Amino acid sequence: MPEVRSGQPESRYFHSRGLRLHYLDWGNIGAPVLILLHGGLEHARVWDQLARQLCSDWHVVVPDLRGHGDSEWSSGGAYSIVDMVPDLAALLAELGAPVIHLVGHSLGGNVAIHYTALFPQQVARLCVIEGLGFSPEARARRDRRSRLEQLRQWVEKAREVDLRRPRCYASIAEAVARLREHDPLLSPELASQVCEHGMRINERGLWQWKYDPRVRASGPSEVASPEPSDLWRAITCPVLLMYGARSWASDPEQDGRMAHFAAVRRVLIEDAGHNLHHHRPEEFLTHLQAFLHGSD
């Protein structure tokens, strides 16, 4: 019988490319493995509410991406998508290389897509929440500038991020208010959860985010990069693409990107933005569970 752990997850660590990386193990060892990947500037604990509801059927594993949460920072600021794919491969090796079900949001969704394309035999089903990267329109707008100009702007942004002091808060409550100002669809309870687990007190006695500020500077490999449609076409497992009707992100059904996937379904969640799994968790979970259990 699978070993089911109730209540809180267990913190564990693994190593990838010289970094000590953290993940949460929700137990139920012996059940099919479900990995949840958070978005940029977030952390593993943002999935707690959903993980608790999923761990009765799945062995739920939730990593902190490099530079986020309780994972180590990269001393060289290596935070591009391709830097994170070997970390996911190392996590699977740590777990015994199981075939997995994979869910990723935004940055985590893009990492999940890259991994699934490169190792399709390892992924049974893939759910991506607004994680396809640049829309065709945004890519075209970016590429109106020459590659030379884009590289120069990337260097300037990397230097700016290096010199910028992290934003600090006098209290968790102040950080919660700022987060909800940025994302008003976020519930007070989840905003508190995000801040309580995602912040630490610094040497000045102020609260600041655990993530490395340098994760804000996108990697140079993304400068003038082509649309990764070759990766999308390489994915053979069933794919669920989820988008929020109130999000800034482009709908892949309307912009044509969805057509590159072999077995794909797209779900649009009303009254939700980019963080749709936070904004409408019950509706998200209903769609996700049906997909994971094969109700395509």
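Below you will find a few notes about this structure. Please read these numbers as outputs of a predicted model, since none were measured by experiment.

Here's the deal with the packing of aromatic side chains
Part 1 of the reasoning: One pass over the full model with this rule turns up four aromatic pairs.
Part 2 of the reasoning: Ring geometry for Trp 232 against Phe 261: centres 5.9 Å apart, planes inclined by 20°, an arrangement best described as stacked. Of the two residues, Trp 232 sits in helix α8 (residues 229-234) while Phe 261 sits in the loop between α9 (252-255) and β13 (264-269), which places them 29 residues apart along the sequence. Here Trp 232 and Phe 261 have matching classes, each one buried.
Part 3 of the reasoning: Lying across the ring of Tyr 13, Arg 20 places its NZ or CZ 3.6 Å from the centre.

Things to note about the state of the cysteines
Part 1 of the reasoning: Under the defined criterion, the tally for this structure stands at zero disulfides.
Part 2 of the reasoning: Between Cys 168, a free cysteine, and Cys 195, which holds the nearest cysteine sulfur, the sulfur-to-sulfur gap is 13 Å.

Section: helix α3 (residues 107-118)
Part 1 of the reasoning: Given a rise of 1.5 Å per residue, twelve residues ought to cover 16 Å, and the 17 Å separating the end C-alpha atoms of α3 matches this to within 8%.
Part 2 of the reasoning: Across the twelve residues that make up α3, a large majority, eleven, are buried.
Part 3 of the reasoning: When we look at burial in α3, the residues that qualify are Leu 107, Gly 108, Gly 109, Asn 110, Val 111, Ala 112, Ile 113, His 114, Tyr 115, Thr 116 and Ala 117.

Quick word on unusual backbone geometry
Part 1 of the reasoning: Non-glycine residue Asn 28 carries a positive phi angle of around 65°.
Part 2 of the reasoning: Structurally, Asn 28 is set in strand β4 (residues 27-29).
Part 3 of the reasoning: The backbone phi angle of Glu 130 is positive, close to 45°, even though this residue is not glycine.
Part 4 of the reasoning: Secondary-structure assignment places Glu 130 in the loop between β8 (123-129) and α4 (136-142).

Description of the pairing of strand β6 (residues 59-63)
Part 1 of the reasoning: The buried fraction of β6 amounts to five of the five residues, a majority that puts the element mostly inside the structure.
Part 2 of the reasoning: The two faces of β6 match: His 59, Val 61 and Pro 63 on one face and Val 60 and Val 62 on the other face are all buried.
Part 3 of the reasoning: When strand β3 (residues 19-25) meets β6, the two strands line up antiparallel, connected through three bridges. Bridged to Tyr 23 within β6 is Pro 63.

Thresholds, definitions, all that
- Residues numbered from 1 in each chain as written.
- Predicted model: local features only at pLDDT ≥ 70, side-chain atom pairs only at ≥ 80, totals over all residues.
- Heavy atoms only, no water.
- Phe/Tyr/Trp six-rings, centres within 6.5 Å; stacked < 30°, edge-to-face > 60°.
- Helix = DSSP H or I, 4+ residues; strand = E, 2+ residues; numbered from the N terminus.
- Buried < 20%, exposed > 50% of the residue type's maximum accessible area, 1.4 Å probe, protein only.
- Lys NZ or Arg CZ within 6 Å of the ring centre and 35° of its normal.
- Disulfide = S-S within 2.5 Å.
- Expected span 1.5 Å × (residues − 1).
- Pairing = 2+ DSSP bridges.

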